[in-house]
Structures are given as C-alpha cells and as structure tokens.
Amino acid sequence: MFGRNVLRALAGRGSRWLDGVRRSEHQLTLLLSLLIGTLVGLTIVAFILLTGHLSARMYPADAPAWRRLFVPVVGSLVSAFLLVRYFPLARGSGIPQTKFALFVGDGVIGLRTVVGKFVCCCTTLASGIALGREGPSVHIGAGLASLIGQRIGLSEARIKELIPLGGSAALAAAFNTPIAGVLFALEEIVGDLHAPILGGAVVSSATAWMILHAFLGDEPLFHVAGYQLVHPSELAIYAVLGVVGGVASAGFVKLLLWMRRGFLARPGRWAWLSPVAGGLMVGVLGFFVPEVLGVGYDYIERTLNGEVVLQVVVLLALLKSVATATCYASGNAGGIFGPSLFIGAMIGATVGAIAHALLPGSTALPGAYAVVGMGTAFAGIVRTPLTSVIMIFELTRDYTIIVPLMISNLLAYYVSHRLQRVPIYEALALQEGIHLPSGDHRGGARSGTVSQAIRPIPPAAGPNCTVADALAATQGSALEAWPVVAPDGFAGLLPAPALRDASDNGLGDAKVHALDRLDHATPAMTQMHLHPDHGLPLALERIHASGVRLLPVVSRANVRELLGLVSLADVVDALGVTARAEAAPRSLTFGELRLDAPSLATTVGIILAAVAALAAADTWLVRADRAQNRADARRNFEAGLKLEVGGDPKGAVHRFQGAVGLARGERTYRVALARAELSSDRVEEAQAALTDVLRQHHTDGEANLLMARASARRGAGEDAMAYYHRALYGHWPNDAAAHRAEVRFEVIDLLARRGPSRELLAELLLLEQSTEDPAIDRRIADLYLRAGAPDRSLDAWRRISRASPRDPAAYVGMGEAHLARHQYRAAAASFRTALRLDPRNERAQQHLALSDDVTALDPTGRGLSARTRYERSIALLALVRQELRECRPASADAARALPPVDEPADRDAAAERNLDEAERLWRTRQAGCPDSPASEKLALVLSAVSP
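Residues numbered from 1 in each chain as written. Predicted model: local features only at pLDDT ≥ 70, side-chain atom pairs only at ≥ 80, totals over all residues. Heavy atoms only, no water.

Novice: Sorry if this is basic, but what is going on with the overall build of the protein here?
Specialist: Helix and strand counts for the protein come out as 39 helices and 4 strands. For the protein, buried positions account for 52% of its 947 residues. Look at the contacts in the protein between residues 6 or more apart in sequence, and 71% of them connect residues 24 or more apart. Surface summary for the protein: the accessible area is close to 41900 Å², and the carbon and sulfur share equals 58%. (Helix = DSSP H or I, 4+ residues; strand = E, 2+ residues; numbered from the N terminus. Buried < 20%, exposed > 50% of the residue type's maximum accessible area, 1.4 Å probe, protein only. Contact = heavy atoms within 4.5 Å. Areas by Shrake-Rupley, 256 points an atom, 1.4 Å probe, with all protein chains shown as cover.)

Written out as structure tokens, the structure is:
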C-alpha cells in the first residue's frame, strides 16, 4: 500500500511537471531537444553497430575473393526489393528528402520511411556498397524528430523547426562531430546560419554526442600524425590542391547526375533491378581492388598516416568516384559524405606525393595533403565550406594545418561552383521535379515570406476558362495578368492587354490556355514564379524583373501546381506588417499545441520506453561488437607477430593496423604497430602511434623505448636520451630488470657513438652495479673498452675469468684490454690462453698475430738495445711511408729515401727522429686515406710511441 501511494505521488508530480512544461515554451524546447538528441543518438549508435556487425559476418577475416563479387550484388538485390516493395521513399542519401520535408512536405517524415532507411542502409552498407552512412543518418534523425513533433501534436511550422535538430544530432553521432553537426544543420539543411533553432540544435547535437561516447568511447574517426606547414611556399601547393579538388568535385557531381538521369529514364518496371547495377559495379571493381568496397575509412586512415603509393591512390580516386556515382545513381540507399572523404583523401595524397617528390625539403608528407584533401572534396561536392573545415578538425583532432585547409576548401568551393552551378542536393531534387530553395534565396523568415502576401486563385481560372471569362474577371479588379491553367497544370500568366487583344480579334470563346497555339500575335505567357517560402525582398526583385505587377506562387514539389498569386501591393503590405511585427517583442519558440493533441505525458512515456529499448539493444550490440572485435583484433595481432618474427615487417604493419582499428584502446596493439613501423623505416608513422599511447600511458616503458629509437633514428639525440630515461624509470609489466638493462645498453650505445665521455662511464658503472647477469657483465666489460676505459674493462674481464676460468671469451676480452693499454706481451699471453681453450677461435688468432706483430715492431719495449730500437724505428718509418705511398703516390714524403742502418753515431737520437718523422707521416696518411690491413698494427704501435 505504501509503495502504491509513493508511485501515485510521483506520477502526480510528474504529470504536474509535464503540464508546466506544456505551458512553458522554453522548457518544452529544452525537453524536446534532449529527447531528440537521446533518441537519435541511441538509434545512430545502433545503426553503426548493426552495420559493422553485419559487415563482419559478410566479410569475415581471410574471406575468399568471390565474396567481394557476390555479396554486393546480393545486398543490392535485397535492398532493391525492400525499396520497391515496402520503402519507396528510402532511396538515396536522405539529405534531399530531409530538405523536401522541411520546405515542401510540411515537416512530415513517416515512420515507414525512417524504418526503411535504417533497414535498407544497414543491408547495402554491410554488403560493401560504396556509399556512406552519414547522409542516411541525417534523414533518420530528422525523421525521428518529425515523428516526435507529430505525436505531440505540434503545428506544421513547429514540426519543421524540429527537423534540423534531428539532423544535427544524427550527424554528431554518425561522424563524432558535434560542432559540425550543428553547422551542417544550419548551413545546408536550413540554409541560414542565423536560424533561431541554433540553441535547440546545440542541445540535441551535444546530447547525441554524449550518447555516442557512452557506448563507443572517446575516439576520433581518424588517428593522424601531427602534420604542420613545413614552409610558407607550401601554401601554393595547397592552393593547387584546392583547384584540383574543385575540378574533381565538379566532375564527380556531373558524372553522378548524368548517370542518374539515365537510370531515371528507364521504364518503371525495371526500378527493382536498377540498384543491382551499382552492386555489380562495386563487386567487379572490389574483386580486383578490395579498397573500393564500402566507405573505406580504414584505408583513409592508412593514407592519412603516410602509407601512400602514387599509382594506387590515383587509381582508387578514379575507381571510387565511378563506384559511388554508379551506386547512388542506380537508386541504392546510402550517402556520399563518406565516399567524398575517401575521394578527397586520395586526391590530396596524389598531389602531396607529387609535391614531396619534387620538393622534399619544403613540403610535408603526402598524409598532410590527404587530410586537407578530405575537406577539399567535401567542400566541393557538398558545398558547405564552413562545415567541411570544422568537420575535418573534429574527425582528426588535428588543428595544425587549419590554414591550408581553409585556403584549399575555399578554392575548391569556388572552382566547383563555377563548373557546376547547381549544388548536388538541389540538382538531385530537380531531377525529381522538386525545386528546393537555393543558397541565394533562403532565409526570408526575418523579412517575411511570400506565404504572408499570397492571394487566392480567381474562381474562374481553370482549364475550361475562356478569354471572355478571364476578361470579365479582370475588369474592375487589381489583376494585371491572368493565371493560365491548362489540363496538365499551370502554364503561366497572360497580361490583361493580351486578353483584350484576343477578345477584339474574335477569340472570346477560345480557351485561354490555347492562345499561344493560335496563329495570333498574343504576347508569350511569363514563366517567372515564386514559392511560398521565398522571402518578400526576392518577390520584389522578381516582380520588377518580370515587368508584370503580379506573379504566380507555385509548389516546390510541382511547379505546375498553382497555389496563389502575389502582387506588388500585396508584397508592400506584407512588408509593412512584418516590420510592425518585428518592432514588437516576439518569441521564437515552438508555439502552442493543438487542442486535439495526445497527452504529453503519454507521449513522453512512449519516447522513454523507446529510449530504454534502444539503450538495451545498443548495450547488447556493443557487447557483441566488442567481443567480435576483440577476437578479430587478436587474430590480426597474432598473425602480425608471426610476420614480424618471419622478417616481414611491412606485412606485420597491415595486420597490426587491423588490430588497432578493431581495438583502438588496446595499448599492446598500438605499441606492436609502432614497433613494426620502425622496422619498416616508417619513423613518422611510428611516432604518431606512440604519441597516442604516451598520451594515455606516459610511463609506459616499451612505448618510451620505441619513441627513443625513433628519435635517435631521426637524429634527435637529446630527445632520444629523454625518452630513454623515461623508459628506464617507466612501467614494465614483466621482466622489468632485463628490459631496463636493455634500455641502458641502448643509452650506452648512443653515448658511445658520440665518443668517450664521463656520462658514458657513469651509465656503465650504474649498469654494472645493478646487474648480476654474466651475459650482461660481458657486454659491460666490452663497452668499457669502447668508452675509453681499458683499465675497467680489464678488471671486469678478470672477474669474469675468475668466475668462469675456462671461458675463452674472457681471455680474448682481457687481451683486447691489454692491447688498448699497450701491454702487447700480456695481450699475446691472454690470446694464447684463449686458443688453448678454443683452438678455432678466429678472434683470438687474429689478435694474437696482431700482438706479435706489434711486439716485434714496437721500439718502446723494455730491455731493447739502442741498435734494436733504431732498427725498429727505421722499419716503422718504412711501413708508414709504404702506407703513404699506396694512398698518395705523388707525395714527396713517400719518395724520400730511408736513412742507413749503421750511419748515426747516436742511435737513440736517430731513433727519436725517425719516430717523430713516422708520427708526422702517419698523421698525413690518416687525413683522407682509407684503412688497410696494416693500418691497425701501425696505429697501435704509434699510439704506444706517442706521449
């Protein structure tokens, strides 16, 4: 009983709150925006997940090639049956249909159309048809908003205000671009950036975006490297890209419209078979070039990150244009947003590859041009330059090349407009006989519309109207022209003087619509017209241009349907009314509900139930999708590891990219991708992948190590050292000590390449103190020698030999340390010990021979007589001159004769002179001469002679 009372109390409070919402238009606006954003967001998430789930089933990993030919044909055939039999209004992208509902169809989009668009697009897109999901998403979102408005009982004008809200929410969820969603709704759907629905569009877009993030996470559609403008002159190349993109955009639009005219001209009985032409075209192309299938977002990302082969991107730009144009023109359900990004990325990569090949020092990599190319094609094809700039920024979250993007987009928009005057969506509507408002003639709401000045059609007007009837109706009225209505619809206006001339010539009984066909000098009927949503200033312009003070108002859906007339006086009066209305305070809100509207509480309950059902369905789809993605990503990862171990890093890169695309947040896959890219010499791409990892896991040891290697390879030694130290003290999930030792070895190796230094010795000392591994001790002993510390190297090798007295490598190391200390006899003894333990040790054999040669030639040995020292100095000088003669035969020093052996009385002084001469000639020889078999021996001897 208590629970029932609580429920009743809550229900009563909820009902009273909803009644308050009904009375407060601002609260109603906010509530509807939130409901639309939530419902649309959940629906689009389901659309994305279901399409991906079906696509994974149709194209499983390692699917045979015949699927690429068979599946698109079957998918388009199934979609064609559904479109013809059940959902005739679900064809195409949905943007023209959305604008038709807004400007012509009283804001009404039926439930069947919404369901049909959802089902048919899932079928076609999952089967690999070369169309996108974003345009259909906008139509679905607008349809849901219209359905909510119809259910609540809003007036037609207020339902129209909801349509852009649904469109902005849908695009925000489909592209993960909340700002671009709002801009597109205003710039393209409404055609007025100052439209009063801005606030509601922002709320609905943000709500849908939050729904998307709640289910699919915070990931941009594309991950790209941090490109930037390399040189100011590069802006000229981006301008060239804008021109090329504009020409290509206009060519694509013309191709699509030309093909669509051909399909529309076919008999209606073939309508169910037309979409199969698009499926067959994609299947044939996809059989040979799989990248043509679907939207191709994965290949776009690979291109954006530098994986560009000039011939491939040129081919893909052409094939994708043909495939998309065929699929759309043949009547498949799907949009052109995604394909336009693909085409633009390929065009940009083409221009970038050519520019970088010609000017490598002053241009960015082709991936930067591919990023700009996406916005260029979008601006040229869709004709929304502002939306395209913001959209590319949101898709990539890369702000560094925003200025080149703006320049290229503006030029593409201008060139495309010059070559193809009518924007694509208006041209598509015109092919259907629908006149959508153009960009030049929108936005009349603030100054009033023709609908406020329209006057009814005269009762006498009709197909049976005679000249006498028309003349009688015009006499005594303000009509200066007569609307001529033929049996097939409105034909034009006939000036009143022409009626009088016809009556005076005995044609009073003739039908008015037949006057132009009579052999009579009757002036031609004027065809200039207006639509109800045209602005009043435009009406004034057209009345003045027509030379007639009266113009017909016709339907956008059928220009042969006369809705009324507008005269100059009507427009002037309406402008006065509008001015008075604007002077008074007014509220741009949703207006009052109709009295026969269903209960708002019931409607909200139905919507909340739909939201709960969609949320449950999305949750299940997310779980299923993540499980499938995890399994597929794991398979790709394991295949990549096998290729990497097998010595095929480029093949491993493709597999790891697949794993990253399926499980973007998985750190292991992204690190593996960066490792394989480094092995493939794709340093910048590896750094881009590692930057993403370190942004979330800044203490990741392996990622910092790979970033250090990438920095070292690019010559950024200081950056490399910083990343190496982060790797030393970073997090390693297992075998941390071994990994840190490996990192320190790489640090030591980097320092060793710079030459001996205190920093290098300090690193070796730290490494020696932190390890007890015999293998690492051997490497440390060897590195001490490279660091210029032979004493420490000798001590380390002695410790190793005491621990492993029968290890020949320890005695070889001791011998090399003795050589570096000029202790040649001790070195020879160590090498002989190593050879007793391992007679085949080539290293010991070579170094023993070297030690014996140096010992026999060294004039500084202990216990040598003056004569022996003098003789060795002459032999050393002779060898140095021989080396100099082989390197520089024309040298005067090389040709000089040697002193006789028994000549000097003071052999010690002569030996010193010979050694000084040998050192001088050796320095001369070392300046530009290559090493020889004798050079190592001479270097050792002379290093012992030098003080």
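Don't stop here, the text continues.
Novice: How should I be thinking about the nonpolar core in this particular structure?
Specialist: Note that soluble globular proteins tend to have their nonpolar side chains buried in a common cluster. In this structure, F175, F222, L256, I300 and F337 are the most contacted members of the largest nonpolar core, which totals 138 residues. The greatest single-element share of this core, amounting to 14 residues, is contributed by helix α2 (residues 25-58). Residues within four places of I300 in sequence aside, it is in contact with F222, L341, F342, A345 and M374. Within the second largest apolar cluster, 26 residues are counted, among which are A461, C465, L550 and L562. (Core = buried A, V, L, I, M, F, W, Y, C linked by side-chain atoms within 4.5 Å.)

Novice: Hey, could you run me through the packing of aromatic side chains in this one?
Specialist: One pair of aromatic rings is described through two measures. These are the centre distance and the angle between the planes. Within the structure shown, the criterion is met by 12 aromatic pairs. Each ring, one from Y299 and one from F342, has its centre 6.4 Å from the other, and the planes form 35°; the classification is tilted. In this pair, Y299 is assigned in helix α12 (residues 297-304) and F342 in helix α14 (residues 337-358), connecting sequence segments 43 residues apart. Look at F342 and you get buried, because its relative accessible area is 0%. Pairwise contacts between aromatic rings join F175, F184, F337 and F378 into one cluster. Between R85 and the ring centre of Y86, over which it is positioned, the NZ or CZ distance is 5.1 Å. K320 extends its terminal NZ or CZ atom over the ring of F342, reaching a point 4.7 Å from the ring centre. (Phe/Tyr/Trp six-rings, centres within 6.5 Å; stacked < 30°, edge-to-face > 60°. Lys NZ or Arg CZ within 6 Å of the ring centre and 35° of its normal.)

Novice: What should I look at first to understand helix α27 (residues 701-713) in this one?
Specialist: Helical geometry: 3.6 residues make up each α-helical turn, so side chains three or four residues apart lie on a common side. The terminal C-alpha atoms of α27, which comprises 13 residues, lie 18 Å apart, in line with the 18 Å expected from a rise of 1.5 Å per residue. One side-chain oxygen of the residue at the start of α27 lies 3.1 Å from the amide nitrogen of E702, identifying that residue as D700. (Expected span 1.5 Å × (residues − 1). Polar contact = N/O pair within 3.5 Å; in protein donor to acceptor, adjacent residues only side chain to side chain.)

Novice: Would you mind showing me how to read a nonpolar patch on the surface here?
Specialist: Taken together, the side chains of L310, V314, L318, I354, L358 and L359 define a hydrophobic patch exposed on the protein surface, amounting to about 540 Å² of accessible area. Taken together, the elements giving at least two residues each to the nonpolar patch come down to α13 (310-329) and α14. Ranked by residues supplied to the nonpolar patch, first place goes to α13 with 3 residues. As for its position among the elements, L359 is in the loop between α14 and α15 (366-382). (Patch = residues over 30% accessible without salt bridge, like charges linked within 9 Å, V, L, I, M, F, W, Y side chains within 5 Å. Salt bridge = Lys/Arg side-chain N within 4 Å of Asp/Glu carboxyl O.)

Novice: What is the right way to read the packing of helix α4 (residues 95-103) against helix α7 (residues 156-175) from this model?
Specialist: In a pair of packed helices, the angle between the axes and the distance between the axes together describe the arrangement. Contact pair α4 / α7: the axes reach a minimum separation of 9 Å and the direction vectors enclose 155°. Considering their axes alone, α4 and α7 lie roughly antiparallel with respect to each other. The way α4 lies across α7 gives a crossing that is left-handed. In contact with T98, A101 and L102 of α4, α7 contributes K160, I163 and P164. For the contact of α4 with α7, the class distribution of residues is 4 nonpolar, 1 polar and 1 charged. (Axes fitted to C-alpha atoms, helices over the stretch in contact; angles between N-to-C directions. Parallel < 35°, antiparallel > 145°, perpendicular 65-115°, else oblique. Left-handed = near helix turned anticlockwise from the far one by under 90°. Nonpolar A, V, L, I, M, F, W, Y, C, P; charged D, E, K, R; others polar.)

Novice: Please clarify how the side chain of S801 should be interpreted in this entry.
Specialist: Within the element layout of this structure, S801 appears in helix α32 (residues 790-803). Residue classification places S801 among the buried residues on the basis of a relative accessible area of 9%. Discounting chain neighbours no more than four positions away, the residues touching S801 are A810, Y811 and M814.

Novice: I'm lost on the pairing of strand β4 (residues 562-567) in this one. Help?
Specialist: Consecutive side chains along a regular strand alternate between the two faces of the sheet. Of all 6 residues in β4, 5 are buried; the element is thus mostly enclosed. By the bridge criterion, 5 bridges tie strand β3 (residues 550-554) to β4 in an arrangement that is antiparallel. Opposite L550, over in β4, you have S567 as the bridge partner. (Pairing = 2+ DSSP bridges.)

Novice: I keep staring at the pattern of salt bridges and nothing clicks. Help me out?
Specialist: Side chains that differ in charge, positive against negative, can pair when their charged atoms come close. Summed over all chains, the structure comprises 10 salt bridges. For the salt bridge of R667 with D700, the shortest nitrogen-to-oxygen distance reads 2.5 Å. Taken together, the residues span a long stretch of sequence, with R667 in helix α25 (residues 667-679) and D700 in the loop between α26 (683-696) and α27 at a distance of 33 residues. A salt bridge links R667 to E702; the nearest nitrogen and oxygen atoms lie 3.2 Å apart. On the criterion of sequence distance, the pair formed by R667 in helix α25 and E702 in helix α27 is long-range, its members being 35 residues apart. A relative accessible area of 23% means that E702 is categorised as partly exposed. When salt bridges with common partners are traced through the structure, they connect E644, R667, R675, D700 and E702 into a single cluster.

Novice: For this particular structure, what's the right way to read the packing of helix α10 (residues 234-264) against α15?
Specialist: The N-to-C vectors of α10 and α15 enclose an angle of 40°; their axes lie 8 Å apart at closest approach. In terms of their interaxial angle, α10 and α15 are classed as oblique. Here the hand of the crossing between α10 and α15 comes out right-handed. Every residue of α15 that contacts α10 at E234, I237, Y238, L241, G242, G245, S249, F252 and V253 is listed here: A368, Y369, V372, G373, T376, A377, G380 and I381. In terms of residue class, the contact of α10 with α15 is built from 10 nonpolar, 6 polar and 1 charged.

Novice: What exactly am I supposed to notice about unusual backbone geometry here?
Specialist: Generally, phi is negative for residues other than glycine and the peptide bonds are trans, each holding for most cases. One non-glycine residue with positive phi stands out, namely N176, at about 60°. Here N176 is to be found in the loop between α7 and α8 (178-190). Classification of N176 as buried rests on a relative accessible area of 9%. The backbone of R383 shows a phi angle near 65°, a positive value even though the residue is not glycine. Among the secondary structure elements, R383 is positioned in the loop between α15 and α16 (385-396).

Novice: Would you take a moment to explain the confidence of the model for the protein for this structure?
Specialist: Segments scoring low in pLDDT should not have their predicted coordinates read at a detailed level. For the protein, the mean per-residue pLDDT works out to 79, and 82% of the residues sit at or above 70. Ranking the helices and strands of the protein by mean pLDDT puts α10 first, with 93, and helix α1 (residues 2-23) last, with 50. Per-residue pLDDT stays below 50 along residues 519-523; that stretch engages in 11 contacts with residues further than four places along the chain or on separate chains. When the criterion is pLDDT under 50, residues 578-598 qualifies, and its contacts beyond four places in sequence or with other chains add up to 37 contacts. (pLDDT = per-residue confidence, 0-100.)

Novice: Any chance you could explain the state of the cysteines here in plain terms?
Specialist: Working definition of a disulfide: a covalent bond connecting the sulfur atoms of two cysteines. In this structure the tally under the stated criterion is 0 disulfides. Not engaged in a disulfide, the cysteine C120 finds its nearest cysteine sulfur in C121; these two sulfurs lie 7.0 Å apart. Exposure remark for C120: the relative accessible area of 0% places this residue in the buried category. (Disulfide = S-S within 2.5 Å.)

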